[in-house]
Amino acid sequence: MTIKHILIGALLASTSMGPALAQDNTDITVVLSEELDLVEPCMATRSNIGRVIMQNISETLTELDVRGNKGLMPRLADSWEDKGDGTWQFKLHPGVTFSDGSALDANDVKHSFDRVFSDQLTCESARYFADTELTFTVVDDTTIDVKAEPAQPILPLLMSLVTIVPSETPMEFVRDPIGTGPYVMSEWTAGQQIVLERRDDYWGDQPAVAKATYLFRSEPAVRAGMVAAGEADIAPQITEDVADNRDTDFSYPNSETVYIRIDQTVEPMGDLRVRQALNAAIEREAFIGTVLADGTELATAIVPPTTLGWNADLVPPAYDPDHARELLAAAEADGVNIKAPVEVIARTENFPHVTEVGEALVQMLNEVGFNASLRMVEVAEHEQYYSKPYPDGRPAQVVVAQHDNSRGDPVFSAYFKYHSNGTQSGVNDPKVDTLIEQATATTGDERAALWSELFAYVQNDIVADALLFHMVGHSRVGARLDFTPTIATNQQLQLSEINFK
Amino acid sequence: MIKLIGQRAIASLLSLLGLMVLVFFLSRLTGDPAVLFLPIDATEAMKANFRALHGLDAPLFEQFGRYVWDLLQFDFGQSLRKARPAIDVVMEAYAWTLPLALITLSLVVVAAIVLGSLAAFKIGGFFDRMVSIISLIGASAPDFWVAIVAIVVFSINLGWLPTSGVGTPLHWVLPIAVLFIRPFGLIVQVVRGSMLSALSAAYVKTARAKGVKNLPIIFVHTLRNAMLPVITVIGDQAAAMLNGAVIVETIFGFPGIGKLMIDSILQRDFNVVLAAIMVTAVAIFIMNMLIDIAYGLLDPRIRH
């Protein structure tokens, strides 16, 4: 064999193993920004894991409708009923099987929660239950009672966060997740790809996508380029600057809210006028279409508009630098040290152009008379300033942070951000605590009204923080797919919602 | 020669021990992994449980003692994030980084030596100027920019090569090409400079006077004498590649050691960080030994 033959052979071999270009079948490729470190179902509320697992491999008892206005919908549970005394009864859908062939029953539900609360694991979904004690009573194969102490009015909603696994699942993180979902993981090559294949014996409707391959690329331009080159079909979370193709790129609210958390316990932020001045100093509109994407909305609450209790009467604080100066002058006349240094702390890579946002905020604050400076820190250091216990002897610090709530209810945000015992709260106000506790303990219209009242009170009466923006996300979707990203795409990407044109 | 290698081995072993102590304690100063692993609103009980599960609640020196004891048995512990042995995670990444580094370095060395030597032989000529311009551009072009432009041109516009990934031989072309540029630019300059001084030596004039042709003069008589500084620079570049080409690996989705180390540091996955640093240190130690041996082979004064 001559060298020429060897070279031709090598060339042909490499060409035949070339890039997977646009597929013309029902297989798709999804390119994600972050690799999965685990494929454990009880960690599915972590966004990088949930996007692959949630409702694809593992399902939950209930599901929140983020595409329409159906609210909480059945998934593995057909119905649920408040039996009083903090007890909810869930009726499971009959005939559901796991991907290992075993049938779903109430004992599986109990075991799934035992895993979530086990001290042998560190399951992410446990945090949503905080100090709520749950007791499970198996009534029959398809009926289970869940008693919450203290009573938890949104227990059915919380059920949308816990994935159900078979009773045989060990009390350790698994690497081959077994679920009731329409897909099963057929391949996991760490660092490279995960493949899900459709189950023929799925209990629900058969989805259109037969096989999904997940790849991981951290650079947004590469993810977008892969869809453009036909190597991938969906690239969630690309940045605005690379989302330049109207035919394939979608912009949508992504459930993230950017705000400035104010710690009111340190001068001069304890003074209401100073906090009002801080809000009036910020020209929010100037950020949109410049350093932040077009479509970004001004925030009037820590949660996005799709959340229960959203208060449509609230308006963003007006940009009024003269009024801000007057407020600061009045505070100074009463002895408040408005020249005390204020550190604006922001996290690198928290969201696109966070540094520019921080620099502009500092400039706006200093223009009205604050003595502000910017400190960019990485995630671990940011956490030290953002979460209690706050450092002793600290100067006045305001923290630029981004909060995600696509769960439909403010309970996931309000306690942590505003209750005096909340981990990231800079507020210590009895009325706030009472409103949060009352809203948490009620349901229906009364609950919505209490949340509305809370949002109005924290924004207008005590000016707890400086709410800035509801952010938008961008995704690129290949032309052959019929799929529109939603507010939940950050957290989960249900393959059953994807169709072909 | 054996004495030289022995001395270097002992010095390197002491360095490894020092590195082990330094990295362990420095990594513990950078933050609490429970805070990073768990969500922001995790309860204190969840954090305490996490620390207890991973032995992070023990006093620092007790953790260190346990770490050293495990290390003596080649046990680097479990990855906090991946729930797998840390050494397995690191070795998987090295299986990608090593071939990438070796292939790239081999191409760089061959190309830089040939082109640098020829440029030095005809100093000031067209070829020399072209090599100088290309090497200067190569040495100063940012990896990030080159990588993105390469993807746009060769993958998206021309469709010749895949954008990223590792599935086929074609997937290796762009990462190797991008990784090639900077060290090539540096080494070709060093080769050219070193050859320039070597070519002016008396023995070259003697060889010419005796009628030896140009190519033997360059590659047989002069190159060996010009190689000592070149080997030093090759060693530096090889060490950088063994540490992982973070930018290239990140952009091209190459699951190598550089990307793993950065991710593990940001996630405070201590065991993976420690395993990666120790394995990298051993690799660099081995490479330094090879360079020392090369010095000895090229220059008898060092050997003796």
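Residues numbered from 1 in each chain as written. Chains lettered and ligands numbered in written order. Predicted model: local features only at pLDDT ≥ 70, side-chain atom pairs only at ≥ 80, totals over all residues.

## Focus on the overall build of chain B
Right, on to step 1. If you tally the helices and strands in chain B, you get 14 helices and zero strands.
Right, on to step 2. Each principal axis of the C-alpha distribution contributes one length, and for chain B these read about 85 × 55 × 30 Å.
Right, on to step 3. Buried positions account for 37% of the 304 residues belonging to chain B.
Right, on to step 4. Restricting to contacts in chain B with at least 6 residues of sequence separation, those with at least 24 account for 72%. (Helix = DSSP H or I, 4+ residues; strand = E, 2+ residues; numbered from the N terminus. Buried ≥ 20, exposed ≤ 12 C-beta atoms within 10 Å, placed from the backbone. Contact = placed C-beta atoms within 7 Å.)

## Regarding the overall build of chain A
Right, on to step 1. Helix and strand content of chain A: 12 helices and 19 strands.
Right, on to step 2. Taken over the C-alpha trace, chain A has a radius of gyration of 25 Å; the compact-globule value for 501 residues is 23 Å, and the two agree within 12%.
Right, on to step 3. For chain A, the spread of C-alpha atoms along the three principal axes comes to 90 × 70 × 40 Å.
Right, on to step 4. Within the span of chain A, comprising 501 residues, buried residues form 49% of the whole. (Rg over C-alpha atoms; globule rule 2.2 N^0.38 Å.)

## Observations regarding helix H9 (residues 202-209) of chain B
Right, on to step 1. Burial runs low along H9 of chain B: only zero of the eight residues are buried.
Right, on to step 2. After H9 of chain B finishes, the residue Gly211 of chain B shows a positive phi value of roughly 90 degrees.

## Brief notes about the pairing of strand E6 (residues 133-140) of chain A
All names here are of chain A.
Right, on to step 1. Pairing between E6 and strand E7 (residues 143-149): seven bridges, direction antiparallel. Looking across to E7, one finds that Glu133 is bridged to Glu149.
Right, on to step 2. Linking E6 back to E7 in an antiparallel pair, the connection comprises two residues. (Pairing = 2+ DSSP bridges.)

## Some details on the interface of chain B and chain A
Right, on to step 1. Listed by partner, the interface residues are 38 residues for chain B and 35 residues for chain A.
Right, on to step 2. Of all the elements in the fold, those that place two or more residues in the side of chain B that touches chain A are helix H2 (33-37), helix H3 (44-53), helix H7 (143-157) and helix H11 (246-251) of chain B.
Right, on to step 3. Residue composition of the side of chain B that touches chain A, by class: 21 nonpolar, 12 polar and five charged. (Nonpolar A, V, L, I, M, F, W, Y, C, P; charged D, E, K, R; others polar.)

## Quick look at helix H8 (residues 354-367) of chain A
All names here are of chain A.
Right, on to step 1. Here H8 spans 20 Å end to end across 14 residues, near enough to the 20 Å set by a 1.5 Å rise per residue.
Right, on to step 2. Listed in full, the buried residues belonging to H8 are Val357, Gly358, Leu361, Met364 and Leu365. What you see down the axis of H8 is that its buried residues fit within an arc of 130 degrees, all on one side.
Right, on to step 3. Lining the buried residues of H8 we find helix H6 (272-281), strand E14 (341-347), strand E15 (371-377) and strand E16 (396-404).
Right, on to step 4. In the stretch just after H8, Gly369 is the one whose phi turns positive, near 120 degrees. (Expected span 1.5 Å × (residues − 1). Arc of directions from axis to C-beta.)

## Some thoughts on the domain arrangement of chain B
All names here are of chain B.
Right, on to step 1. Its domain assignment divides chain B into domain 1 (2-72) and domain 2 (93-303).
Right, on to step 2. Each of domain 1 and domain 2 was reduced to a C-alpha centroid, and the two centroids are 33 Å apart.
Right, on to step 3. In this complex, domain 1 contributes 14 residues to the contact, which on the side of domain 2 involves 13 residues.
Right, on to step 4. Secondary-structure elements contributing two or more residues to the side of domain 1 that touches domain 2 are helix H1 (2-28) and H2.
Right, on to step 5. Sorting elements by how many residues they give to the side of domain 1 that touches domain 2 places H1 first, with 10 residues.
Right, on to step 6. Of the residues assigned to the side of domain 1 that touches domain 2, the class counts are nine nonpolar, four polar and one charged. (Domains from an automatic or database assignment.)

## Overview of the environment of Asp271 of chain A
All names here are of chain A.
Right, on to step 1. Structurally, Asp271 can be placed in the loop between strand E12 (249-262) and H6.
Right, on to step 2. Residues Asp271 and Gln459, 188 residues apart in the sequence, show an inter-C-alpha distance of 15 Å.
Right, on to step 3. Beyond its immediate chain neighbours, meaning those up to four positions away, Asp271 contacts Ala331 and Val336.

## Remarks on the packing of H7 of chain B against helix H8 (residues 173-199) of chain B
Residues and elements named next belong to chain B.
Right, on to step 1. It is the contact of H7 with H8, at a shortest axis distance of 10 Å, that shows an interaxial angle of 145 degrees. For the pair H7 and H8, the crossing hand works out as right-handed. For the pair H7 and H8, contact is made by Asp143, Val146, Ala147, Ala150, Ile151 and Phe154 and by Leu174, Ala177, Val178, Ile181 and Arg182, respectively.
Right, on to step 2. Of the residues contributing to the contact of H7 with H8, the split by class is nine nonpolar, no polar and two charged. (Axes fitted to C-alpha atoms, helices over the stretch in contact; angles between N-to-C directions. Left-handed = near helix turned anticlockwise from the far one by under 90°.)

## A closer look at the confidence of the model for chain A
Right, on to step 1. Across chain A, pLDDT averages 88, with 94% of residues at or above 70.
Right, on to step 2. A low-confidence stretch, residues 1-23 of chain A stays under pLDDT 50, and its non-local contacts, those more than four residues away or across chains, total 16 contacts. (pLDDT = per-residue confidence, 0-100.)

## Topic: the packing of H8 of chain B against helix H10 (residues 214-242) of chain B
Residue and element names in this part refer to chain B.
Right, on to step 1. It is at 8 Å that the axes of H8 and H10 come closest, and there the two elements cross at 155 degrees. Considered as vectors, H8 and H10 are oriented roughly antiparallel to each other. Helix-helix and strand crossings are classified by hand; for H8 and H10 the assignment is right-handed. Where H8 approaches H10, its residues Pro183, Leu186, Ile187, Val190, Val191, Ser194, Met195, Ala198 and Leu199 are matched on the opposing element by Thr222, Asn225, Ala226, Pro229, Val230, Val233, Ile234 and Gln237.
Right, on to step 2. Residue composition of the contact of H8 with H10, by class: 13 nonpolar, four polar and no charged. (Parallel < 35°, antiparallel > 145°, perpendicular 65-115°, else oblique.)

## Description of the confidence of the model for chain B
Right, on to step 1. Across chain B, the average pLDDT comes to 85, with 96% of residues at or above 70.
Right, on to step 2. What the predictor reports for the complex is a pTM of 0.78 with an ipTM of 0.74.

## Points about the sheet that holds E6 of chain A
Residues and elements named next belong to chain A.
Right, on to step 1. The four strands are arranged E4-E5-E7-E6 in an open sheet whose pairing can be described as antiparallel. The outermost strands of the open sheet, each flanked by one partner alone, are strand E4 (77-84) and E6. Each strand axis lies, on average, 20 degrees off the axis of its neighbour in the sheet, ignoring direction.
Right, on to step 2. Relative to E7, strand E5 (residues 87-92) is paired through five bridges, and the arrangement is antiparallel. Its bridge partner lying in E7, Gln89 is registered against Asp145.
Right, on to step 3. Sitting on the sheet, helix H3 (residues 106-117) is in contact with E5, E6 and E7, with an inclination near 165 degrees to E6.

## Observations regarding the nonpolar core
Right, on to step 1. One finds Leu454 of chain A together with Val90 of chain B to be the most contacted residues of the largest nonpolar core, which totals 200 residues.
Right, on to step 2. Per-element tally for this core: the top contributor is helix H5 (residues 86-121) of chain B, with 16 residues.
Right, on to step 3. Mapped onto the domain boundaries, this core takes at least three residues apiece from domain 1 (2-72) and domain 2 (93-303) of chain B.
Right, on to step 4. For Leu454 of chain A, the contacting residues outside a window of four places in its chain are Ala414, Val432, Leu435, Ile436 and Ala439 of chain A. (Core = buried A, V, L, I, M, F, W, Y, C linked by C-beta atoms within 7 Å.)

## Some remarks on the environment of Ala466 of chain A
Right, on to step 1. Topologically, Ala466 of chain A is positioned in strand E17 (residues 465-477).
Right, on to step 2. Given 25 C-beta atoms within 10 Å, Ala466 of chain A falls into the buried group.

## Let's talk about unusual backbone geometry
Residues and elements named next belong to chain A.
Right, on to step 1. The step from Glu149 to Pro150 runs through a cis peptide bond, and the omega angle for that step is -5 degrees.
Right, on to step 2. Secondary-structure assignment places Pro150 in the loop between E7 and helix H4 (155-158).
Right, on to step 3. Backbone torsion omega between Glu267 and Pro268 reads 0 degrees, so that peptide bond is classified as cis.
Right, on to step 4. Relative to the elements of secondary structure, Pro268 occurs in the loop between E12 and H6.
Right, on to step 5. Despite not being glycine, Ser255 has its phi angle at roughly 75 degrees, a positive value.
Right, on to step 6. Counting through the fold element by element, Ser255 comes out in strand E12.
Right, on to step 7. Phi angles above zero are rare outside glycine, and His353 is one such case at about 65 degrees.
Right, on to step 8. You can see His353 is positioned in the loop between E14 and H8.
Right, on to step 9. Since 17 C-beta atoms lie within 10 Å of it, His353 is described here as partly exposed.

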